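# Fold and contact review
Take a look at the letters that make up each chain.
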Amino acid sequence: MTAASGNAGDQGRRMRPCPICSKLSTQADYPFCSDRCAKIDLHRWMVEGYSIPAVETDDVDDEAEGGEDR
Ligand SMILES: [Zn+2]
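Residues numbered from 1 in each chain as written. Predicted model: local features only at pLDDT ≥ 70, side-chain atom pairs only at ≥ 80, totals over all residues.

In the annotation of an unreviewed UniProt entry, the protein chain is listed under the name DNA gyrase inhibitor YacG and assigned to Pannonibacter phragmitetus. Quoted straight from UniProt, the Sequence similarities (unreviewed entry) entry for the protein chain says "Belongs to the DNA gyrase inhibitor YacG family." (UniProt positions renumbered as here; feature names shortened; annotations may be inferred.)

Next up, the structure:
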């Protein structure tokens, strides 16, 4: 039983897979594998951030149900 789990990494941080493409992340673009994926993630955040409805459905018709949009 060892208290420290995992291997004593060569680097301080654990390498995580890139959330965009699941490749190993690099220190330069952590937690992404590249600047490109970092931008993709940032773009996603912006798009999703804008699309988050600020509770606009206060008195919407029931006809809206049946769609897959949330
Ligand atoms: Zn990536």
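Still more ground to cover, so stick around.
### Details of the UniProt feature "binding site: Zn(2+)" (unreviewed entry) in the protein chain
Per the UniProt record, "binding site: Zn(2+)" (unreviewed entry) is annotated on C18, C21, C33 and C37. In three dimensions, the annotated residues from a span of 20 residues occupy one location, with a maximal C-alpha spread of 8.0 Å. Structurally, the position occupied by C18 is in the segment before α1 (35-51). The class for C18 is buried, based on 22 C-beta atoms found within 10 Å. The contacts of C18, once residues within four sequence positions are left out, are K23, S25, F32, C33 and C37. When you line up the elements, C33 lands in the segment before α1. Ignoring any residue separated from it by four or fewer positions in sequence, one finds C33 in contact with C18, C21, K23, L24, S25 and T26. (Helix = DSSP H or I, 4+ residues; strand = E, 2+ residues; numbered from the N terminus. Buried ≥ 20, exposed ≤ 12 C-beta atoms within 10 Å, placed from the backbone. Contact = placed C-beta atoms within 7 Å.)

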